[in-house]
Structure formats: C-alpha cells, structure tokens
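These are the residues of each chain, in order.
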Amino acid sequence: MIPKISFQDVSRSFELAGQKSFLALDKLSLDIEDGEFVTVVGPSGCGKSTAMNIAAGLITPSSGSVLVDGAEVTGPGPERGVIFQQYALFPWLTVRQNVEFGLQITGMPRAKRREIADRFIQLVGLGDFANSLPKTLSGGMKQRCAIARAYAVNPKILLMDEPFGALDALTRVQLQDQLLQTWSQERRTVMFITHDVDEAVYLASRVIVMASRPGRLHRIIPVDLPYPRTEEMRLSPEFAALRNEVWRSVYHPAEH
Amino acid sequence: MSSTDSAAPPRPGGFLTGRLLGSGSAMLGINIVAVVLGIAIWAAITSLGVVGLPGPMEVLRKGVELAGSALLLSDALASLGRVLSGFLLGIAVAIPVGFLMGWYRIARGLIEPYVQFFRTIPPLAIIPLAIVTMGIGETPKIFVIFLAAFLTSVVATYQGVITVDRTLVNAARVLGAKDMTIFRRVVIPASTPFIMVGVRIGLGSSWATVVAAELIAAQSGLGFRMQQAQLYYDLPTIFVSLIAIGILGLLMDRIIIAIDRALTSWQEKA
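What counts as what
- Residues numbered from 1 in each chain as written.
- Chains lettered and ligands numbered in written order.
- Predicted model: local features only at pLDDT ≥ 70, side-chain atom pairs only at ≥ 80, totals over all residues.
- Helix = DSSP H or I, 4+ residues; strand = E, 2+ residues; numbered from the N terminus.
- Buried ≥ 20, exposed ≤ 12 C-beta atoms within 10 Å, placed from the backbone.
- Contact = placed C-beta atoms within 7 Å.
- Nonpolar A, V, L, I, M, F, W, Y, C, P; charged D, E, K, R; others polar.
- UniProt positions renumbered as here; feature names shortened; annotations may be inferred.
- Domains from an automatic or database assignment.
- Core = buried A, V, L, I, M, F, W, Y, C linked by C-beta atoms within 7 Å.
- Pairing = 2+ DSSP bridges.
- Axes fitted to C-alpha atoms, helices over the stretch in contact; angles between N-to-C directions.

## A look at the overall build of chain B
Helix and strand content of chain B: 12 helices and 0 strands. Over its C-alpha atoms, taken along the principal directions, chain B stretches across nearly 75 × 60 × 30 Å. Here chain B holds 270 residues, and the buried ones make up 34% of them. Taking all contacts inside chain B whose residues are at least 6 apart in sequence as the whole, residues at least 24 apart take part in 70%.

Right, dumping it as structure tokens:
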C-alpha cells in the first residue's frame, strides 16, 4: 500500500539577507500511513514547520518531493487542510461563515453548505457561537473554529502547525482531548507539529523527532499506547517512560 | 503609518468618562458646558470692545439673514457639490489604483514615483496651472480636489493591501481559493480599515482644498463669500462662513466615522 504522505529526500534552503543560504531542511525522508496521527517535535530551527509547509504546498522544496497518495504536491489544495498557530480566522466573518468559506469556493448550494458547517461547528462544541465574530471568542474557541473550518472541506489530511502553542496549559490539555475525540469520529491522516514533548507523546501513534542545524530527521519513536487516550494513560509510568525518551532525544540528540 | 492616530475612531468617552463619570451623557454635558462657556467668553471680550470683532449675537443675526436670503444655502451647496464630486471621483480612482499597486509589483513600480512626487506638492499649488489649462469654470477646482482626495486615499489603499496578513491569504489558499477569490474575499475586506483611514483624511483635505480654491478663483461658495466679505470689511459674514465650514466639515467627518464603524466593526480593538 502506498503511504498517504511521503517525504522523499526533501531539502529546503532559504536565502538570508547578505549571507549565504541557510539549510532549513536536509534530505527529509518520511512516510505517514493513511489514518495515522503523527506528531513532529524538535527545537526551533529543526525544519518542522518548513516540512509541514512544503506538504501543504505553501512553499516549494529546493530539492526532493512530497507525494500525497503517490502524486507530487505542487501547490495548496483542499484535500490537505492546514491549521495555523495564529488561528487565521477571517475576522470579518462569523464562525459559521468562516467554516463555510472553503465550501463556498466549491460552489456548493447554500443549504448544503450550512448543513455541513453546522455539523462541524457542533462537533467542536461551538454550537452557541455560530453567529459570533472571532473577536468575541477566546483563543481556544478560535482554534476550535479553525479546526471545524479545516474539517468542513473534507480533507484527507490535516496539517497542524503548533495549533495549541499560543494557548494556556489547561486549555491546551482540553483541546488535545477534544482533537482526539474529533479525530476518532472523523478519522484523517494527521501531521501535528509541536514543541511540547507531552503533547507530542499524548496525541501520536509515532513521534517524529527532528534536530537542528541543519534541520533533519533524528529519530522516530513509536507510541504503543492504545486509543482512546485517557488521563490515566497521561499519568502512567509507560507514558512517563516514553516522555523521557522523547525528551532526551529532543534535548540531547547527540547521546540519544 | 503616522496618520493612523488622527484617524483612529475616538473611544467612547474620554479619561473623565471612563474613570470618574462613567457615562457618555455626562461627557456630552461637559462638552456643552465648554461650548457655552466659550461663546460667553467671546461675547464678553467683544462687548468690552477689546478687539474689533463681531460678537455672537451680531454673527447670529447675520447668519439668520444669510440663511433667510438662501445665500448661505446656495454657497454651502456650491462648496459641497465641488467637494463631493472631486472627492468621490478621487476615491473611485484611488481605490482600484491602490489595489493595483499593492497586488502587482509592476504597477507599483510604474505608479509609485508619481504618487510620491505629487504628494509633496500641496494641491493648492496646482491651481494656477489648472486655471491656465482648464479655464475658470468648475473643472479646475474639482480637479484640484480630486487630486487631494486621490493622493491620500491611494497611499492608504496600497498600504492596506501590502500589509494584509500573509497567514489569512495562506488560510484561503489551503481552503482552495484562487487569486481572484483571495482578492475579493480576503484582500478587500482586510484592507478596508486602511482604506477608510485614507478616505477620512482625503475628505478632510478635500474640504480644506475647496475652501482655499474658492478664495482664489470662484463666483460662488463659502470661500468666495468670505473673499467678497473681506472686500467690504464685513466681518460677521466671514464668521458665519467660517462656522458653516466648520460645521459641515464636522458633519462629513462624523458620517465617514459612522460608515467606518459599520464596515470594520469586526476589528479586534486592543
């Protein structure tokens, strides 16, 4: 079976003003299977966001390619939903209009659009806020709206770039549980970027650890905990052991 | 942008309302007291004969007289007509040109030198040239107002387009939006607050320009009326015209603020 997402020797360098180019990502090769939830963790400058943006089609690789279902990515597309750290909701549109945005582009009739949008708004628990503007929502609610918007266009893949990075610790834990719940009902292939080791272990079936200078794949650590994940698991010795292992390979890549 | 401060929507109430009085009507009360007090001081000074200026009652009588003879109305309409035609024409051209400059690098390269150059010339300085080339009718005056409105709005629109949040553009792209959709549904709404700042400044400078243009060359309008009054040492008429200019300018500004509020109420205010 061909993998859902396949990074094949993907490199990307950036020109820095007045300096020689900087290698953000060095020959990343990685396969992500259909329906899998992987997290990518690493220090800043490890190229994790660059890798995700290449898969999203928002930047082009300097060499190598990303295949989705065996076809090379050449630009953004609705089959790959992206969730940004800064939420990126359209502030002039209500929650419902934001969620309908992608559906409207496809020319879907109004009633059908609304039905789908309302379903995902309910799914992320924003039913009472469908007609609210983003400025009236908390950070956590904004990100839930962004998740509903990404889901509404029925993507096969969700690419999430530190989506909970700007939220407080408590909200973050709640959204992790909610995301896993949504994912269990609406199974998609998820590539989730984070700098939080706990989050990486709690969500993923595999943790991709990256290292910096140049940005590259360091280790892949499988998480052998069953879904659904629970609070007991989060507090279990197995979780702690995995967490320690990921922690060491992120912070001391030379030894681990 | 340095102009943002002056054009930022005023917060409801000021320091006093927020901290001490706690209501908008109290603030309005203070405003009224200030105006009444100002007029009283004006009356006191002029009745003492300290300066050779007309007092409020004299100006009021003149105002009633000019309003009664329909002269005030026809002057005001003449000035307003020039401002609105020049201003509306100015923003109607400035907004598409500003979008072109923000969206296409080539358009920016071609247009920007002209905009930056003409921005440094006060529109009034164009009047002699406009009169020589366009005659003494309405055209040169409307053209100069057009220029004043165009130059302020075009820069604001262009600034608005180039500062559109890249993440919003990317969010639209990953949802399947193509360039035209991004332009229509992201770039236009996202730059509206900037455009409205330009429109507001543009209207202010149009109004300033029309009055000055009428002082120089016109046969009607509030500026012309003052010019005439000056010849006959008719100070009350000058006062009436100045007050009319102030009130009309204030009203137009309030209308723009109301439109701005309606269009950009989605903004998160820090």
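## Concerning the interface of chain B and chain A
Contacts between chain B and chain A engage 15 residues on the former and 21 residues on the latter. For the side of chain B that touches chain A, the elements supplying multiple residues, two or more each, are helix 9 (166-174) and helix 10 (179-216) of chain B. Top contributing element to the side of chain B that touches chain A by residue count: helix 9 of chain B, with 6 residues. Grouping the amino acids of the side of chain B that touches chain A by side-chain chemistry returns 8 nonpolar, 5 polar and 2 charged.

## Details of the UniProt feature "domain: ABC transporter" (unreviewed entry) in chain A
In the UniProt entry, the feature "domain: ABC transporter" (unreviewed entry) is given for residues 5-237 of chain A. Spanning residues 5-237 of chain A, this segment combines 33% helix with 27% strand, and its end C-alpha atoms are found 32 Å apart.

## What to know about the environment of Val190 of chain A
Residue and element names in this part refer to chain A. Mapped onto the elements, Val190 comes out in strand 8 (residues 189-194). Using a count of 23 C-beta atoms within 10 Å as the deciding quantity, one classes Val190 as buried. Measuring from C-alpha to C-alpha, the distance between Val190 and Glu36 comes to 6.2 Å, with 154 residues separating the pair along the chain. Every residue in contact with Val190, bar those within four places of it in the chain, is listed here: Phe37, Leu158, Met160 and Trp183.

## So, the environment of Thr133 of chain B
All names here are of chain B. Of note, Thr133 is situated in helix 7 (residues 127-134). Residue classification places Thr133 among the exposed positions, given that 11 C-beta atoms sit within 10 Å. The spacing of Thr133 and Glu112 is 21 residues in sequence and 25 Å in space, taken between C-alpha atoms.

## Description of the domain arrangement of chain B
For chain B, the domain assignment lists domain 1 (1-53) and domain 2 (55-263). Summarising the inter-unit geometry, the C-alpha centres of domain 1 of chain B and domain 2 of chain B are found 26 Å apart.

## Thoughts on the UniProt feature "transmembrane region" (unreviewed entry) in chain B
Residues and elements named next belong to chain B. The residues that UniProt annotates with the feature "transmembrane region" (unreviewed entry) are residues 26-51, 87-105, 117-136, 142-161, 182-203 and 231-251. Within residues 87-105, the helical portion is 95% and the strand portion 0%, while the C-alpha atoms at the span's ends are 27 Å from each other. Secondary structure across residues 142-161 comprises 100% helix and 0% strand; the distance between its end C-alpha atoms is 28 Å.

## Considering the nonpolar core
Soluble, globular proteins show a tendency: their nonpolar side chains are buried together. With 130 residues, the main nonpolar core has Ala55, Ala148 and Met191 of chain A as its most contacted residues. The element that contributes the greatest number of residues to this core is helix 8 (residues 138-162) of chain B, accounting for 15 residues. Among all residues touching Ala55 of chain A, those that are not within four sequence positions of it are Ile5, Val66, Val73, Arg80, Leu159 and Met191 of chain A.

## Comments concerning unusual backbone geometry
All names here are of chain A. Note that the residue after Arg213, namely Pro214, is joined by a cis bond; omega there is -10°. In this structure, Pro214 sits in the loop between strand 9 (206-211) and strand 10 (216-222). Across the junction of Tyr227 and Pro228, the peptide omega takes the value -5°, indicating a cis bond. Summarising the element assignment, Pro228 is placed in the loop between strand 10 and helix 7 (231-234). Backbone geometry places Tyr87, a non-glycine residue, at a positive phi of 65°. Mapped onto the elements, Tyr87 comes out in the loop between strand 6 (80-83) and helix 2 (95-105). The exposure class assigned to Tyr87 is buried, which follows from the 23 C-beta atoms found within 10 Å.

## Details of the sheet that holds strand 6 of chain A
The strands making up a sheet associate through backbone hydrogen bonding, with each pair oriented either parallel or antiparallel. All names here are of chain A. Spatially, 6-7-8-3-9-10 is the arrangement adopted by the 6 strands of the open sheet, whose pairing is mixed. One side of each edge strand has no neighbouring strand; the edge strands of this open sheet are strand 6 and strand 10. For this sheet, the mean angle separating the axes of adjacent strands, direction not counted, is 20°. Relative to strand 9, strand 3 (residues 37-41) runs parallel, the two being bridged by 4 bridges. Looking at strand 9, one finds that Thr39 is bridged to Val207. Those strands touched by helix 4 (residues 139-152) are strand 6 and strand 7 (157-161), and its axis lies near 170° from that of strand 6.

## Thoughts on the UniProt feature "domain: ABC transmembrane type-1" (unreviewed entry) in chain B
UniProt tags residues 76-260 of chain B as "domain: ABC transmembrane type-1" (unreviewed entry). What you have in residues 76-260 of chain B is 86% helix and 0% strand, and the ends, taken at the C-alpha atoms, are 25 Å apart.

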